[in-house]
There are 4 protein chains.
Amino acid sequence: MNLVEMTKKVVSFRNKRNWKQFHNPKDLAISLSLEASELLEHFQWKNLEEMNEYVKTNKKEIAKELADVLYWVLLIQNDLKIDLVKSFDIKMQENELKYPINKSKGKNTKYNKL
Amino acid sequence: MNLVEMTKKVVSFRNKRNWKQFHNPKDLAISLSLEASELLEHFQWKNLEEMNEYVKTNKKEIAKELADVLYWVLLIQNDLKIDLVKSFDIKMQENELKYPINKSKGKNTKYNKL
Amino acid sequence: MNLVEMTKKVVSFRNKRNWKQFHNPKDLAISLSLEASELLEHFQWKNLEEMNEYVKTNKKEIAKELADVLYWVLLIQNDLKIDLVKSFDIKMQENELKYPINKSKGKNTKYNKL
Amino acid sequence: MNLVEMTKKVVSFRNKRNWKQFHNPKDLAISLSLEASELLEHFQWKNLEEMNEYVKTNKKEIAKELADVLYWVLLIQNDLKIDLVKSFDIKMQENELKYPINKSKGKNTKYNKL
């Protein structure tokens, strides 16, 4: 299943429930942000060792949170008529320029401070 | 380009910069959350009409924010060894059960209040 | 009760539970962000009329979310030895300069685009 | 300066700019969430030692982010007619019940798993 097929699936799910009427860019982006928060909550208060242990024993739950995030990414790109594969490609090219290997290798420094 | 190929691309980008050493589930999830916030910021203070106009004239910028979100989704599923396509499928099946069409059609009500 | 007294209260609550050991700036800031998300969730999918109605009938719940946000603000300023009243004063002075009345009156434009 | 005086200050700042027209609970809560994210960004990718060093050398910047968070807390409680001091008091009483000292002391466990 690729991104186009996944997108068809979420749009069909929405259409069957007649939910398009509630969807606008702001509320879709809020949903995405809330799901990202729910994913983050899993790792809160844990050190590296605790996280690794937690990931092993709770992978299914974490995977579903990540799927929730993807759900909204797909609806947003659909509704805003964004070609996500193309945008991803453009963004990766920009990242290559923002973070030249020789300057950024082994450094956790933001591009504007390199 | 499908999710597997996209994931290879972000992992290769990271490996060339030797950044894996900085990555752990908590900070990856923070990154995802921060990028989701940046997307949301585009729609802040705007009503529906203003959003539609804004989306038309700023599609490239919005698309790149969404690509940033996807970037972290891909790294997280890679590092946590999550099969995102499978998780997405499981989650969509759960959503079907949580939101039966006859109960949820045309309603913006959360499943636990249906 | 002023900010100093409120801060004493949250610090005392924490000390009695011996929770300081788990607290570091990153996880405190995550907590703040998660509570802000929980507040936001109350208004998701609602138009202005629905929000006003919702606020009337759910004020207690919303108020407690806002108190949760304040809880973390107080702990952060305590642990990072920030004088929040002074910082607030400095920030308001900066806001006055960033948003001069004659340029910003009646406009929802960010300072860097004024 | 207490919370009432701070609130007067932000409301007066807004009134002079005639910004009330743009403010509704959803967008105010978005603002709060975005400012919380900006605070969190300061601690991203840093370990404990790096955070402590960073806090020392960047306290002013961090303090201003926290003041930004407080700014929106104050506007929200004003617009939604919330008595924040009272809500804080109620919430702290609830926290006492949710986290009894004998059960929660020294544990980073959420109340629903105690």
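Up top is the structure.
(A) Representation of the interface of chain A and chain C. Each side of the interface is counted separately: chain A has 13 residues, and chain C has 13 residues. When the buried area of chain A at its contact with chain C is split by residue, Leu34(A), Gln44(A) and Trp45(A) rank highest and sum to 46% of it. At the boundary of chain A with chain C, the tally comes to zero salt bridges. Between chain A and chain C we count five residue pairs in polar contact (both at pLDDT 80 or more) in total. With eight residues, the top contributor of residues to the side of chain A that touches chain C is helix α2 (residues 25-41) of chain A.

(B) Main features of the packing of helix α5 (residues 84-98) of chain C against helix α1 (residues 3-17) of chain D. Between α5(C) and α1(D), the shortest axis-to-axis distance is 11 Å and the interhelical angle comes to 5 degrees. Accordingly, the angle class assigned to the pair α5(C) and α1(D) is roughly parallel. Where α5(C) approaches α1(D), its residues Leu84(C), Val85(C), Phe88(C), Asp89(C), Met92(C), Asn95(C) and Glu96(C) are matched on the opposing element by Met6(D), Lys9(D), Val10(D), Phe13(D) and Arg17(D). Within the contact of α5(C) with α1(D), the residues separate by chemical class into seven nonpolar, one polar and four charged.

(C) Local environment of the pattern of salt bridges. Under the definition given, this model contains 32 salt bridges over all chains. For Asp68(B), the salt bridge identified is with Lys91(A), shortest N-O distance 3.2 Å. On the criterion of chain membership, the pair formed by Asp68(B) in helix α4 (residues 59-79) and Lys91(A) in helix α5 (residues 84-98) is interchain, its members lying in two chains. A salt bridge links Arg14(D) to Asp79(D), with the shortest nitrogen-to-oxygen separation between them at 2.8 Å. Highlighted residues: Arg14(D) in helix α1 and Asp79(D) in helix α4 (residues 59-79), separated in sequence by 65 residues. Exposure class is identical for Arg14(D) and Asp79(D). Each is buried. Connected via shared salt-bridge partners are Glu61(A), Lys64(A) and Glu94(B).

(D) Seen up close, the environment of Thr57(C). Residues and elements named next belong to chain C. Residue position: Thr57 is located in helix α3 (residues 48-57). Residue Thr57 is classed as exposed on the basis of its relative accessible area, which comes to 58%. Reaching out from Thr57, the side chain makes a polar contact with the backbone oxygen of Glu53 at a distance of 3.2 Å.

About the cut-offs
- The numbering scheme is per chain: residues are counted from 1 as the chain's sequence reads.
- Chain letters and ligand numbers both follow the written order, the letters beginning at A and the numbers at 1.
- For a predicted model such as this one, the threshold for reporting local features is a pLDDT of at least 70, and the threshold for listing and counting side-chain atom pairs is 80 or more; totals across whole chains, interfaces and linings nevertheless cover every residue.
- To obtain the side-chain values, all non-hydrogen atoms of the structure were used and water was disregarded.
- In what follows, residue pairs with any heavy atoms lying within 4.5 Å of each other are defined as contacts.
- Take the accessible area each of two parts loses on contact, using a 1.4 Å probe, and add the two losses: that sum is the buried area.
- Only one rule defines a salt bridge in this text: a Lys or Arg side-chain nitrogen within 4 Å of an Asp or Glu carboxyl oxygen.
- Polar contact criterion, stated in full: a pair of N or O atoms within 3.5 Å, where within protein one must be able to donate a hydrogen and the other to accept it, and residues adjacent in sequence count only if both atoms are side-chain atoms.
- In DSSP terms, a helix is any run of H or I states spanning at least four residues, a strand is any run of E spanning at least two, and both are numbered starting from the N terminus.
- Throughout, an axis means a line fitted to C-alpha atoms (over the contacting stretch in the case of helices), and angles, computed between N-to-C directions, take values from 0 to 180 degrees.
- Angular relationships are summarised with four words: roughly parallel below 35 degrees, roughly antiparallel beyond 145, roughly perpendicular across 65 to 115, and oblique for the angles in between.
- Only Asp, Glu, Lys and Arg are considered charged in this grouping, and only Ala, Val, Leu, Ile, Met, Phe, Trp, Tyr, Cys and Pro are considered nonpolar; every other residue, Gly among them, is considered polar.
- Throughout this description, buried means an accessible area under 20% of the type-specific maximum (1.4 Å probe, protein chains only), exposed means over 50%, and partly exposed covers the range between.

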